[in-house]
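# Coordinates in review
One letter stands for each residue in the lines below.
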Amino acid sequence: TETHAQQVWIGIQPVPRQPVTNAMVADQVESIEMARQLVGLSGGSLEVVPDEGRHYLLAVRFILPARQQIAVLVIDDNVDTLQLFQRYLAGSRYAFIGTHDPEQVLALAEKLTPQIIVLDVMLPGVDGWELLARLREHPKIHGVPIIVCTILPQEQLALTLGAAAFLRKPVSQAALLSALDQQFDRVSRESGS
C-alpha cells in the first residue's frame, strides 16, 4: 500500500502453488474485468501489473481516491477530554483540532475553517452559550454545524440557541462519530456535494 497525493495504491500479487500456465491467466481475465468495474464505481482504477518472470498469475494494483479528512474543531477546557476525543477520531474520516482556550476559538475557527465544531459550554472566563451565539453570528463560520457537548441536561436550550445537535457527557466514541456523521451528511446533502 502506498499513498500518492490524492490517491492510495494497493498492490496484490497472488502466489500460485503450482507453475503458472496460460490457461490459469486466461481464467483470471473475467474476474479482473469485474473487479475493474467495481473499483471504477468508487472513482478508482485497477491496473494489471506485468510479470515477465511468470512467478505469479496476474498482479493488480488498485488505485483509489484518498478520502479527504473532515476538520472538526473541539472546544473543551478539560485537556483529558480533548485527548479522549482525539483518540476517538484517530483513524476516522475526521481530523481533530482541539483547543482548551475559549478566548482563541473565534480566531482559530476563522483561520482553520472547520467543517464541524464540538463545543463544551462550561468554559472558564467565557459563557459557552454566549460563545455559541458568537459562532452563529460570525460571517465566515455561521453555517458550520455546532454540536454542543456538555454534562448539563440542556439539550433544548442548546438547540434553541443554534446548535445543530446535542451530546450529553460522558460521550462514547460511537455516539461522537454518529453525531459527526449526521452533521456532515446533512451539510453534504444541503450543499449538493
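In what follows, the accompanying structure is described. (Residues numbered from 1 in each chain as written. Predicted model: local features only at pLDDT ≥ 70, side-chain atom pairs only at ≥ 80, totals over all residues. Heavy atoms only, no water.)

## Looking at the overall build of the protein
Summing up its helical and strand segments, the protein has six helices and nine strands in all. In the protein, which comprises 193 residues, the proportion classed as buried is 36%. Contacts in the protein between residues far apart in sequence, at least 24 positions, make up 60% of those at least 6 positions apart. A total of about 11,400 Å² of accessible surface is found on the protein, and carbon and sulfur atoms cover 53% of it. (Helix = DSSP H or I, 4+ residues; strand = E, 2+ residues; numbered from the N terminus. Buried < 20%, exposed > 50% of the residue type's maximum accessible area, 1.4 Å probe, protein only. Contact = heavy atoms within 4.5 Å. Areas by Shrake-Rupley, 256 points an atom, 1.4 Å probe, with all protein chains shown as cover.)

## Quick word on the packing of helix α3 (residues 105-112) against helix α4 (residues 128-137)
In the contact formed by α3 and α4, the axes pass within 11 Å of each other and the chain directions differ by 30 degrees. Looking at the two axes, α3 sits roughly parallel to α4. Where α3 crosses over α4, the handedness of that crossing is right-handed. Seen from α3, the contacting residues are V105, L106 and A109; seen from α4, they are L131, R134 and L135. (Axes fitted to C-alpha atoms, helices over the stretch in contact; angles between N-to-C directions. Parallel < 35°, antiparallel > 145°, perpendicular 65-115°, else oblique. Left-handed = near helix turned anticlockwise from the far one by under 90°.)

## Notes on the nonpolar core
Grouped together as the largest cluster of nonpolar side chains are 22 residues, with contacts concentrated most on I75, I117, L119, L131, L132, L135 and V148. Residue assignment for this core shows that the elements contributing at least two residues are β5 (70-75), α3, β7 (116-119), α4 and β8 (146-150). Broken down by element, the residue count for this core peaks at four residues, all from α4. If we skip the residues at most four places from it in the chain, L119 touches I75, G128, L131, L132, L135, I146, I147, V148 and C149. (Core = buried A, V, L, I, M, F, W, Y, C linked by side-chain atoms within 4.5 Å.)

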